[in-house]
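Descriptive structure summary
Each chain, written out:
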Amino acid sequence: MANTAILDLVDKGVMLPLMEEFYTIQGEGYHKGAAAYFIRVGGCDVGCHWCDVKESWDAERHPPTPIHRIVENADKYSKTIVVTGGEPLTWDMKPLTTALKERGMQTHIETSGAYPLTGTWDWICLSPKKNKLPVGDIHQKAHELKVIAYYTHDFQFSEEHAAQVCEEC
Ligand code: SF4
């Protein structure tokens, strides 16, 4: 990222380090099979060793992109938007989701919950990681839980988080 003015805009969520954006079919979870426009935001310090998008980790590798440009692109393809990463909650998601909602879009997020929840979401897929546990009350706000089972004891980890998500079910 080039200069402090741009860094400031990224800090405010007015620009985001955009890794990629694409129109596809949701392949996982409750909305599996639904067409959606994916916005993959760069930046993640959670450090899962099995991560399949390690190229997302370093935000500086991804161009700071004005959110109005992201929203305009998205609007050409779908009214269902999935924001993923990286860890999108590294950044303030309020400006992006406000702009998406102004266009009548459904906003979905895939997050580890490692940072405070920002933005307005119609669907929250919480994917907690042992390296950096979710913060705040995101378990109560999540609509869906996704846990990667790599080791046998990951099943216990998933049950612990499922119990928190379902406390009020
Ligand atoms: S939280 Fe997601 S993007 Fe970050 S390291 Fe883990 S799997 Fe990769």
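Residues numbered from 1 in each chain as written. Predicted model: local features only at pLDDT ≥ 70, side-chain atom pairs only at ≥ 80, totals over all residues.

1. Points about the site of the ligand
The following threshold applies: Residues are classed as near a molecule or strand if the C-beta position derived from their backbone is within 6 Å of it. Polar here means any residue outside two lists: the nonpolar Ala, Val, Leu, Ile, Met, Phe, Trp, Tyr, Cys and Pro, and the charged Asp, Glu, Lys and Arg; Gly therefore counts as polar.
Residues in contact with the ligand, as listed here, are Cys44, Val46, Gly47, Cys48, Cys51, Val53, Ser56, Gly85, Gly86, Glu87, Ser112 and Lys129. Across the shell around the ligand, the residue classes tally to 5 nonpolar, 5 polar and 2 charged.

2. Some details on helix α3 (residues 94–102)
Applicable threshold: With C-beta atoms placed from the backbone, a residue counts as buried when 20 or more other C-beta atoms lie within 10 Å of its own, as exposed when 12 or fewer do, and as partly exposed for counts between those limits. Helix and strand assignments follow DSSP, with helices taken as H or I runs no shorter than four residues and strands as E runs no shorter than two, numbered in order from the N terminus. Residue pairs qualify as contacts under a 7 Å threshold applied to their C-beta atoms, which are placed from the backbone.
The complete set of buried residues in α3 reads Pro95, Leu96, Thr97 and Leu100. Looking at the buried side of α3, the elements it contacts are β1 (15–25), α2 (67–75), β4 (80–84) and β5 (106–111). Once α3 finishes, glycine 104 follows within two positions and takes phi at roughly 75 degrees, a positive value.

3. Looking at α2
Here is the rule we go by: Starting at the helix axis, one direction is taken to each C-beta atom, and the arc is that of these directions.
Turning to α2, its buried residues number three or more, namely Ile67, Ile70, Val71 and Ala74. One side of α2 carries all its buried residues, which in axial view fall inside an arc of 95 degrees. Exposed and facing more than 90 degrees away from the buried side of α2 are Arg69 and Glu72.

4. Structural notes on the pairing of β4
Quick note on the threshold: Pairing between strands is defined by DSSP: at least two bridges between them are needed.
For β4, the tally of buried residues reaches 4 of 5 residues, placing the bulk of the element in the interior. In the sheet, strand β2 (residues 35–41) pairs with β4 via 4 bridges, with the strands oriented parallel. Within the sheet, the bridge partner assigned to arginine 40 lies in β4 and is threonine 84. Sheet topology note: the β4/β5 ladder contains 4 bridges and is parallel. Bridge assignment links isoleucine 81 to a residue of β5, and that residue is threonine 107.

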